[in-house]
Each structure stands twice: as structure tokens, then as C-alpha cells.
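Breakdown of the fold
Here is how the chains run, residue by residue.
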Amino acid sequence: MKIKSLETFFWIAKLGSFRATAKKLYASQPTISARISGLEDELGIELFDRSGRNAVLTAKGRQVLAYAEKILQLHAELLETVASPDAIQGTIRLGVAETIAYTWLPELIESISETYPAINLELDVDISVNLSEKLLKREVDIAFLIGEVKQEGFFNLPFYSYPLIWVVSPKLALPPEPISLSELAKIPIITYPRMSEPHVNIRSMINKMSNSTQIHSSSSLSTIIRMAVDGIGVSALPKEIIKTELATGQLREFSVEASIPDLVFNVAYCSAPGANVVRAVVDLSLKIVTPKPF
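Residues numbered from 1 in each chain as written. Predicted model: local features only at pLDDT ≥ 70, side-chain atom pairs only at ≥ 80, totals over all residues. Heavy atoms only, no water.

**Description of the sheet that holds strand S3 (residues 90–96)**
Quick note on the threshold: Strand pairing follows a simple DSSP-based rule, namely that at least 2 bridges must link the two strands. Here a strand is any run of E in DSSP of at least two residues, a helix any run of H or I of at least four, and the numbering for each starts at the N terminus. Fitted lines through C-alpha atoms serve as axes, helices being fitted only where they are in contact, and the angles separating the N-to-C directions of these axes extend from 0 to 180 degrees.
Spatially, five strands are ordered S4-S3-S5-S12-S6 in an open sheet, and the strand pairing comes out mixed. The open sheet has two free edges, formed respectively by strand S4 (119–125) and strand S6 (154–162), since each of these has just one partner strand. Along the sheet, successive strands turn relative to each other by an average axial angle of 20°, direction set aside. In this structure, S6 lies alongside strand S12 (residues 263–270), joined through eight bridges in antiparallel fashion. Paired with Tyr160 across the strands is Phe265, a residue of S12.

Right, here's the structure in full:
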């Protein structure tokens, strides 16, 4: 009985689909089907009821699942405890919000490569709302995102908090500082995409003064920064991602009477059996940002 066959069986049981499992395990559907057929032949039972569209566990399949989870967990613990780090192989898919990609990601990649040289990384840079969905669908293994993934079987840990500062290009004239909310509401604002926490917080703050403020949003940080540098509007951004623009005078910080909440990121992952390496990568990421400014 092969570990890969048990792993394949476990993920089909969880995802309910041979196709989704093939995508997760980087294998072809015929390979996935062959592993399950071999496991069924070895055990002399049917593991799935294939009469419907989804792969549904049989009564015997549910019994096997309990044992498969234990075996996969023990196998992962064995590798983590006894095996050399370069013997731990596989691919870990990191879902990363762009703010993290601008700041901590290079250091994290370097740390993972040094600790687990045989681990391959697959990076997916996206907005937090999409990363949450991808984690739930197991399209990524770890997500660095704003907010939490609120579903059973997922862990959420505080990762890093970015204070936001208001910045403007010298090309754009502003009223005397500190700028009141009523004055800020007259100036175009460039921010993160709709439904993101910064966008919601800014909209909520400005709507108290005006419903007609121009708020330009983008899922691309580089676009937000470029628009701010060009003087299209003001923006509230983490200082860490605009160090160059501040140092060269392309942007300058200005003060507003009202404060804006920090940009708080969590690291989220699934607690599936055999996720020891995933948890180890999460631990590496938390060590990088220690001490965390919470």
C-alpha cells in the first residue's frame, strides 16, 4: 500500500472530485483513477460510489478514511522528525497579497529554500478575497491575507500589521495640514480594490462628509503608487512599500485629522493530515516577522 495512494484517496474524499484532486496533487486524472483502483483492488472493496457526479464515500470508504488520516499524519511526523530536510520533497502553493509580496516575501522564500531545499514553491499573488476562496478550494496551501478564513479545519494566525500613512505627490496642491475630513473629501483618493478593508474604511470615513468623493480603486499596488506619483489623487499606503518614492520626493506624507485603521494580515492554512511541512513553513514566516507589531 503506497502513501501516494492513501493521499490521493484522502483528497478525493475531502474535495469530492477526481479532477480537483488531480489538480491539487499535480497528477493526471488517469493517474488518480489508477491509484484508487489499485487501492480498491488491494483492499477488495469499493471506496467510492461513482453513480453520481461527485465521488461519494461508501460505508467501507468512510472506515478507510479514518485510518488513512492516521497513517498520513504518522508518515508526515516521521519525515519531519527523522528525515533530512533535503529529503522532504513536494510543492507548496503560497497565496500572497501584493503588500506581502512587496515586503516580506523575498525573505520568506530565501528562508524556505535554505531550510527545505527540495521543496518547490508556487506563488499566487492576488487580492485577499480571492485568496480566501482559493484556500477553501485547496488551490493554495497557505494564504497571507487580510481577514480570516472562517471555516472548520482552517487555522488563522496574526502575521503582520502595517500602519497606513497618507501620501501625495508634490504635483498636487493640498490645503493646510492637518487636513480635515471635509477637505479630504474634496480630493480624489486612490486605494485598494472594492470590498477590501482599506477601501471600506476610507469609504466609511469619507461618506460622513460627502457621497460624491472620487475614489479610484485598483487591485495592483504598482498602479496605485503610479497614480499617486502622477498626482491623480492622494492615497493611504504602508510606508514599507513606498520607501523609494518617499526618499526621492516623488511622494510625501501628509497629516489628516482622522486616523485610518492599520492593514492587518493573517496567515491561514488547512489542518489536513500530513500538513506538517505546511505548518513548518508557517512557523518560518512567523519567525521572520518576530517581534510582530501587535
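**Brief notes about the pattern of salt bridges**
Two side chains of opposite charge can pair, provided their charged atoms sit close to one another. As a reminder, the rule being used: The rule for a salt bridge is simple: a side-chain nitrogen of Lys or Arg has to be within 4 Å of a carboxyl oxygen of Asp or Glu. Each residue gets one of three labels from its accessible area relative to the maximum for its type: buried under 20%, exposed over 50%, partly exposed in between, using a 1.4 Å probe on protein chains only.
Counted under the stated rule, the structure contains nine salt bridges. Across the pair Asp124 and Lys134 runs a salt bridge, and its minimum N-O distance is 2.8 Å. Separated by ten residues along the polypeptide, Asp124 in strand S4 and Lys134 in helix H7 (residues 128–136) bring together distant segments of the chain. Judged by its relative accessible area of 17%, Lys134 falls in the buried class. Arg252 is the salt-bridge partner of Glu177, the closest N and O atoms lying 2.8 Å from each other. On the criterion of sequence distance, the pair formed by Glu177 in the loop between strand S7 (164–168) and helix H8 (181–184) and Arg252 in strand S11 (residues 252–254) is long-range, its members being 75 residues apart.

**Thoughts on the sheet that holds strand S8 (residues 189–191)**
Note on sheets: strands pair through backbone hydrogen bonds, and any given pair is parallel or antiparallel. This is how the line gets drawn: Whether two residues touch is decided by their heavy atoms; if any such pair falls within 4.5 Å, the residues are in contact.
Reading across from one edge, S9-S8-S10-S7-S11 is the order of the five strands in this open sheet, with mixed pairing throughout. Where the open sheet ends on each side, the last strands, each with one partner, are strand S9 (215–217) and S11. Pairs of neighbouring strands in the sheet enclose a mean axial angle of 40°, with direction left out of account. Pairing geometry for S7 and S11, over three bridges, is antiparallel. For Val167, the partnering residue across the bridge sits in S11 and is Glu253. On top of the sheet, helix H9 (residues 197–207) reaches S7, S8, S9 and strand S10 (234–238); it is set at about 155° to S8, its chief contact.

**Looking at the side chain of Ser5**
Mapped onto the fold, Ser5 is located in helix H1 (residues 3–15). You can call Ser5 buried: its relative accessible area is 11%. Among residues more than four places away in sequence, those in contact with Ser5 are Arg35, Ile36 and Leu39.

**A word on the environment of Ser196**
With respect to the element layout, Ser196 can be found in the loop between S8 and H9. On the accessibility criterion, Ser196 (13% relative accessible area) is buried. Once the C-alpha coordinates of Ser196 and Ser217 are considered, the two residues, 21 residues apart in sequence, prove to be 9.9 Å apart.

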